[in-house]
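Next come the chains, spelled out residue by residue.
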Amino acid sequence: MDDKDKKIASLHLKLMPYLEKYGILLLLVIMILVMHILQPDVFLSWRNVTNVFKQISWQSMLALGVFMVIVTAGIDLSVGSIMMLSLMILAVVAKAGAPWYIVVITPLIAGFLCGLFNGLGITLLRMPHPFIMTLGTLYIFRGTGNLISGGTPISGFTDEVRYLGHGRIDLQWLGLEKSQYLPVSLVLIAIVYIIFWIFLNHSKTGKWIYAIGGNPNAARASGINVNKILVIVYSLCGFLSGIGALILAGRTDSGYPNAGLQSELDAIAACIIGGASFFGGRGTVLGVFAGVMIMGILRNGLNLMDVSSFWQQVLIGSIIVLAVYIDVLRRDLGTRK
Amino acid sequence: MSSTTNPLLEAKGITKYFGTITALENVNLKVHAGECLGVVGDNGAGKSTLMKVLSGLYKPSAGSLFFQGKEEILESPRDSQNLGLEMVYQDLALAGNLPIGENIFLGREPTKNLGFIKLLDFNKIKELTNAHLDKLKINVKSADQKVEELSGGQRQAVAIARSTAFNAKVVIMDEPTAALAIKEVGKVLDLINSLKKTGVGVIVISHRMDDIFTVCDRVMALFQGTNFAEASLSNTSRDEVIGWIMGKK
């Protein structure tokens, strides 16, 4: 009996790290299976799967940015507004007749500068919490976006500008049908996520971002310039929101005042579902991706089943609470000696 | 022998204000190579503030620091580390979410070049960590263990390992045994004695007379932010030192 208990305990110890790392993927796989069983003809069809990826494309950029911020034990409430402002600047520049390569680069610069503004505000103005600075800029950036566009939608971009959000990679050379294409935005998500995975896990700066979240005093005592790293993190978060704006411009062919409204909350939800901790220092890029996918699949699946969007809200909220509760239980198990 | 040579580290007339509070006033301190200086004082006497000034975390309001006879201005902990001045903080200053090895090398991680990008060299971190922990006879399950999974004594050992991983010349320890189980105290004190033998100057801040009288060569007392008394260990007694802490000579 004792021996058996020990065996279970040691197996438990061996499994825990994997469960901690990949448990969220398990949840994702279960969701996919459930959706497949409920909608066997449609859900895993080429058309629907690419649709899901197109729908999550810009959210995945915001979530990745917010994730980095959350790892430092901070928060960025302004990502939706940064995306909207970047999108509006893109639209205005495009309407002014700028060449496509200028139009494409403007939202990235605008997003980066907005993030830089957040980062400098938090560090130089010594805001008691990033919540306050980014709550302020949530209003400032959206207001500015409406000021420069006059509060009306601006539509009609060239194909080059729309490429990242709307482009298709033809797979007919693989013997597939014309409808079985690869969305460019999916490739973009993969590339950006891989780059940021390498950045966060294999670079000094990435390691320091985790260290700041784990113990900012330890980071400071190690000679790490904590403020500089925070400015970098918020700037990158803004930059990713700028990429989100470029994707959204491609998808909707329009800059509109409500773009990204409340999407900061979706981004935070995806991070939390994906296992990031509000206390900082915890979470993985893979987890964020899974979090974004879970939210995307839930919305898509419920749409397929014609469930009202009100029920979608209730379910997404429940998943957030459930996912974090599972995390709490898992931690209890993990620390049991 | 050490008192005839120049001190390794010397602080002269250190004063530190926090707003209207005077934490330190005109405090002097020196430590020689291979020597252990004990710093005692009641809570609020200014011990920790002095150590934070020495490590570059606080800038002194007045006064100067000399390292190997040369005046140095410390802008950040990085500056003091570059000189070979290391600090083991009372709150340990470890990131619990990172493994032992990454804590030891935090801020100074070895990297490898992959084309034009520099990536962390995890193999080297592990290799160097294991070698260093072996040298200090510190036992842990694995260098990959997260610090939050360690006992208090193990954390202290990691913190000391961290401070000595880069050819430290002076190591400052803030209450190194305060959080330890009895059997772990001896190990840490042994560690301090072996550091001294390698020519490292050690400054130990402690409330525990046992620590002071086991490893230190000299003891100085701070009282209300000023130098109160100082003596070599052979010229004083526990009772006298305890008296200093309470402000009695």
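Explain the overall build of chain B here, please?
Looking only at helices and strands, one finds eight helices and twelve strands in chain B. For 249 residues, the compact-globule formula gives about 18 Å, and the C-alpha radius of gyration of chain B, at 18 Å, lands near that figure. Its C-alpha atoms give chain B principal-axis dimensions of roughly 60 × 40 × 40 Å. A total of 249 residues make up chain B; the buried ones form 54% of that total. Nonlocal contacts in chain B, meaning residues at least 24 apart in sequence, comprise 64% of its contacts between residues at least 6 apart. When the 29 positive and 28 negative side-chain charges of chain B are each reduced to one mean point, those points stand 3 Å apart.

I'm lost on the overall build of chain A in this one. Help?
The helix and strand tally for chain A stands at 13 helices and four strands. Radius of gyration (C-alpha) of chain A: 21 Å, near the 20 Å computed for a compact globule of 337 residues. Taking the principal axes of its C-alpha atoms as reference, chain A extends roughly 75 × 55 × 40 Å. Per-residue burial over chain A gives 50% buried out of 337 residues. Sequence separation of at least 24 residues holds for 77% of the intrachain contacts in chain A that already meet a minimum separation of 6.

Can you walk me through the interface of chain B and chain A in this structure?
Every contact between the two is made by 22 residues of chain B and, on the other side, 21 residues of chain A. Here chain B and chain A share an interface that buries about 1800 Å² over both sides, 55% of which is from carbon and sulfur atoms. E102(B) is paired through a salt bridge with K207(A); the nearest N and O atoms lie 2.8 Å apart. Run the count over chain B and chain A and you get eleven residue pairs in polar contact (both at pLDDT 80 or more). Breaking the side of chain B that touches chain A down by element, the ones donating at least two residues are α2 (77–83) and β8 (117–120) of chain B. Of the residues contributing to the side of chain B that touches chain A, the split by class is ten nonpolar, four polar and eight charged.

Help me understand the sheet that holds strand β12 (residues 226–232) of chain B in this model?
Each strand in a sheet pairs with another by means of backbone hydrogen bonds, the pair being arranged parallel or else antiparallel. Residues and elements named next belong to chain B. Strand order in the open sheet made by the six strands is β6-β9-β10-β3-β11-β12, with mixed pairing throughout. Two strands bound the open sheet, and with one partner strand each, they are β6 (85–88) and β12. The average undirected angle you get between the axes of adjacent strands in this sheet is 20°. Here six bridges tie strand β11 (residues 218–223) to β12, and the two strands are oriented antiparallel to one another. In the strand pairing of β12, V219 is matched with A231. Here helix α6 (residues 182–197) sits on the sheet and contacts β3 (36–40), β9 (170–174) and β10 (201–205); the angle it forms with β10, its principal contact strand, is near 150°.

Is there a simple way to think about helix α1 (residues 47–54) of chain B in this case?
Each α-helix turn comprises 3.6 residues. Residues three or four places apart therefore point the same way. Burial of α1(B) is extensive: six of the eight residues sit out of reach of the surface. When we look at burial in α1(B), the residues that qualify are K47(B), T49(B), L50(B), M51(B), V53(B) and L54(B).

Whenever I open this one, the pairing of β11(B) confuses me. Can you help?
In the case of a regular strand, side chains alternate between the two sheet surfaces. All names here are of chain B. Of all the six residues making up β11, five are buried; the element is thus mostly covered by neighbouring parts of the structure. Here β3 pairs with β11 via four bridges, running parallel. Following the sheet pairing, V39 is matched in β11 by M220. Taken together, β11 and the strand that follows it, β12, pair antiparallel across an intervening segment of two residues, in which Q224 is found at a positive phi of about 50°.

Whenever I open this one, the environment of A221(B) confuses me. Can you help?
With respect to the helices and strands, the residue A221(B) is situated in strand β11. When residues no more than four places from it in sequence are discounted, the contact partners of A221(B) are V40(B), T226(B), N227(B), F228(B), A229(B) and W244(B).

Mind showing me how you'd approach the state of the cysteines here?
One covalent bond between the sulfur atoms of two cysteine residues makes up a disulfide. Per the stated rule, a full pass over the model turns up zero disulfides over all chains. Free of any disulfide, C114(A) has its nearest neighbouring cysteine sulfur in C237(A), separated by 11 Å. Its relative accessible area of 7% is what places C114(A) among the buried residues. The closest cysteine sulfur to the non-disulfide-bonded C216(B) is located on C36(B), 3.3 Å from its own sulfur.

When you look at the packing of aromatic side chains in this model, what are you seeing that I'm missing?
Each aromatic ring pair is described using two quantities: the centre-to-centre distance and the angle formed by the ring planes. Residues and elements named next belong to chain B. Counted according to the given criterion, the structure contains seven aromatic pairs over all chains. Centre to centre, the rings of F18 and Y58 are 5.3 Å apart; their planes meet at 75°, and the pair counts as edge-to-face. Of this pair, F18 sits in strand β1 (residues 9–18) while Y58 is found in the loop between α1 and β4 (62–67), placing the two residues 40 residues apart along the sequence. Residue classification places F18 among the partly exposed residues on the basis of a relative accessible area of 34%. With a relative accessible area of 27%, Y58 lands in the partly exposed category. Ring plane angle 50° and centroid distance 5.3 Å describe the contact between F223 and F228, whose orientation is recorded as tilted. According to the relative accessible area criterion, F228 is buried, its value standing at 18%. Its guanidinium or amino end placed over the ring of F66, K12 lies 4.6 Å from that ring's centre, counting from NZ or CZ. Directly above the ring of F228 sits K249, whose terminal nitrogen or CZ lies 4.9 Å from the centroid.

Is there a simple way to think about unusual backbone geometry in this case?
Residues other than glycine predominantly adopt negative phi, and peptide bonds predominantly adopt the trans conformation. Residues and elements named next belong to chain B. Although it is not a glycine, N167 sits at a positive phi angle of roughly 50°. Along the chain, N167 falls in the loop between α5 (152–164) and β9. What makes N167 exposed here is its relative accessible area of 69%. In the Ramachandran plot, E175 falls in the positive-phi region, its phi being about 45° despite a non-glycine side chain.

Teacher, can you tell me more about the environment of L62(A) here?
All names here are of chain A. Mapped onto the elements, L62 comes out in helix α2 (residues 46–71). Relative accessible area serves as the criterion here: at 0%, L62 is assigned to the buried category. In sequence terms L62 and G238 are 176 residues apart; their C-alpha atoms lie 8.4 Å from each other. Filtering out sequence-adjacent residues up to four positions away, L62 remains in contact with V79, G80, M83, S241, S263 and A267.

How should I be thinking about the pattern of salt bridges in this particular structure?
A side chain of one charge can pair with a side chain of the opposite charge when the charged atoms of the two come close. Tallied over the entire structure, the rule returns 13 salt bridges over all chains. Residues R299(A) and D266(A) are paired through a salt bridge, measuring 3.3 Å at the closest nitrogen-oxygen approach. Highlighted residues: R299(A) in helix α12 (residues 285–304) and D266(A) in helix α11 (residues 263–273), separated in sequence by 33 residues. One salt bridge in this structure joins E72(B) and K70(B), with 3.4 Å as the shortest N-O distance. Its relative accessible area of 19% is what places E72(B) among the buried residues. Judged by relative accessible area, K70(B) falls into the exposed class, the value being 52%. Connected via shared salt-bridge partners are E35(B), R218(B) and E230(B).

Conventions used here
- Residues numbered from 1 in each chain as written.
- Chains lettered and ligands numbered in written order.
- Predicted model: local features only at pLDDT ≥ 70, side-chain atom pairs only at ≥ 80, totals over all residues.
- Heavy atoms only, no water.
- Helix = DSSP H or I, 4+ residues; strand = E, 2+ residues; numbered from the N terminus.
- Rg over C-alpha atoms; globule rule 2.2 N^0.38 Å.
- Buried < 20%, exposed > 50% of the residue type's maximum accessible area, 1.4 Å probe, protein only.
- Contact = heavy atoms within 4.5 Å.
- Lys, Arg positive; Asp, Glu negative; His and termini not counted.
- Charge placed at Lys NZ, Arg CZ, Asp CG, Glu CD.
- Buried area = accessible area lost by both parts, 1.4 Å probe.
- Salt bridge = Lys/Arg side-chain N within 4 Å of Asp/Glu carboxyl O.
- Polar contact = N/O pair within 3.5 Å; in protein donor to acceptor, adjacent residues only side chain to side chain.
- Nonpolar A, V, L, I, M, F, W, Y, C, P; charged D, E, K, R; others polar.
- Pairing = 2+ DSSP bridges.
- Axes fitted to C-alpha atoms, helices over the stretch in contact; angles between N-to-C directions.
- Disulfide = S-S within 2.5 Å.
- Phe/Tyr/Trp six-rings, centres within 6.5 Å; stacked < 30°, edge-to-face > 60°.
- Lys NZ or Arg CZ within 6 Å of the ring centre and 35° of its normal.

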